[in-house]
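Here's the letter readout for the chains.
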Amino acid sequence: MSTHEEPWQAVLDADGSAYTVHEHAAAHSVAERKALPFPWSQAVKTLAFTSPRLPLLLVALRADDRVDFARLAAAAGIGRAQLRTAGTDLLTAAGLVPGGIPPISPRPGVPCWIDTAVVASCGPVFCGAGSAARTVEVRPAVLARLPRAHVALLHK
């Protein structure tokens, strides 16, 4: 395991949460991710969005689920028409890598919305850990109690 610590790890460490970072070959496609040694049924993806009121917000869903934009906008208190997918420039400026975005916000003012289906998962979930070659294993209840975490029904 690498000794490099990501900013999101400090959030988990401050909470006293147990987690495991797994390093593996970079996985960019769904097929490559499904080939990793983690149960796909427990895989969680994190998407990034922006709006005029919230320059960046993260959304954690089960890997096979799709976000319901109307539900997300309502939960975040913004108009649906204002919600946009975060571009590469914004992600880079925030230190995030597509395919490795963790569902843990280390930055003040950046909320992470976690779908109720993720929180209801039995056992640990497997999420982005800063790169396509790292996965974090963590209990869903830990994600739900972290600073800036909000739980809502967000999937279609």
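This text follows the structure it describes.
Residues numbered from 1 in each chain as written. Predicted model: local features only at pLDDT ≥ 70, side-chain atom pairs only at ≥ 80, totals over all residues. Heavy atoms only, no water.

### What about the nonpolar core?
One finds Leu143 and Leu146 to be the most contacted residues of the largest nonpolar core, which totals 28 residues. Among the secondary structure elements, those contributing two or more residues to this core are helix 1 (7–15), strand 2 (44–50), strand 3 (57–62), strand 5 (112–115), strand 6 (125–128), strand 7 (134–138) and helix 6 (140–145). Looking at which element gives the most residues to this core, the answer is helix 1, with three residues. Filtering out sequence-adjacent residues up to four positions away, leucine 143 remains in contact with Pro103, Ile104, Ile114, Val125, Cys127, Val138 and Ala149. Grouped together as the second largest cluster of nonpolar side chains are 14 residues, Leu54, Val59, Val67 and Leu154 included. (Core = buried A, V, L, I, M, F, W, Y, C linked by side-chain atoms within 4.5 Å. Buried < 20%, exposed > 50% of the residue type's maximum accessible area, 1.4 Å probe, protein only. Helix = DSSP H or I, 4+ residues; strand = E, 2+ residues; numbered from the N terminus. Contact = heavy atoms within 4.5 Å.)

### Some thoughts on the pairing of strand 7
Counted residue by residue, strand 7 has four buried out of five residues, so it is predominantly covered. Judged from the five bridges that link them, strand 1 (residues 19–23) and strand 7 form a sheet pairing that is antiparallel. When the bridges of strand 7 are listed, threonine 20 appears paired with glutamate 137. Linking strand 6 back to strand 7 in an antiparallel pair, the connection comprises five residues, with glycine 130 at a positive phi of about 105°. (Pairing = 2+ DSSP bridges.)

### A short note on the sheet that holds strand 7
Sheet strands associate in pairs through backbone hydrogen bonding, adopting either a parallel or an antiparallel arrangement. The strand order across the open sheet formed by three strands is 1-7-6, and the pairing between neighbours is antiparallel. The sheet is open, and its two edges are formed by strand 1 and strand 6, each paired on a single side. Adjacent strand axes in the sheet meet at a mean angle of 30° when their direction is disregarded. Across the sheet, helix 1 is in contact with strand 1 and strand 7; its angle to strand 1 comes to roughly 155°. (Axes fitted to C-alpha atoms, helices over the stretch in contact; angles between N-to-C directions.)

### Here we look at the side chain of histidine 155
Along the chain, histidine 155 turns up in the segment after strand 8 (149–152). Separated by 2.7 Å, the side chains of histidine 155 and aspartate 115 make a polar contact. Among residues more than four places away in sequence, those in contact with histidine 155 are Leu61, Arg62, Asp65, Arg66, Asp68, Arg71, Asp115 and Ala117. (Polar contact = N/O pair within 3.5 Å; in protein donor to acceptor, adjacent residues only side chain to side chain.)

### Considerations on the packing of aromatic side chains
Inspection of the entire model under this criterion finds three aromatic pairs. Taking the centre distance of 5.0 Å and the plane angle of 20° together, the rings of phenylalanine 38 and phenylalanine 126 count as stacked. Of this pair, phenylalanine 38 sits in the loop between helix 2 (30–34) and strand 2 while phenylalanine 126 sits in strand 6, and the two are 88 residues apart along the sequence. When sorted by exposure, phenylalanine 38 lands in the same class as phenylalanine 126, which is buried. With a centroid separation of 5.6 Å and an interplanar angle of 85°, the aromatic rings of phenylalanine 49 and phenylalanine 69 are classed as edge-to-face. Of this pair, phenylalanine 49 sits in strand 2 while phenylalanine 69 sits in helix 3 (residues 69–76), and the two are 20 residues apart along the sequence. Accessibility expressed as a relative area gives 3% for phenylalanine 49, which makes it buried. (Phe/Tyr/Trp six-rings, centres within 6.5 Å; stacked < 30°, edge-to-face > 60°.)

### Some thoughts on a positive patch on the surface
Residues Arg66, Arg80, Arg84 and Lys156 make up a contiguous surface patch of positive charge. Within the secondary structure, arginine 84 is located in strand 4 (residues 84–85). (Patch = residues over 30% accessible without salt bridge, like charges linked within 9 Å, V, L, I, M, F, W, Y side chains within 5 Å. Areas by Shrake-Rupley, 256 points an atom, 1.4 Å probe, with all protein chains shown as cover. Salt bridge = Lys/Arg side-chain N within 4 Å of Asp/Glu carboxyl O. Lys, Arg positive; Asp, Glu negative; His and termini not counted. Charge placed at Lys NZ, Arg CZ, Asp CG, Glu CD.)

Note that every value here comes from positions in space, so none of it alone points to a role or purpose.
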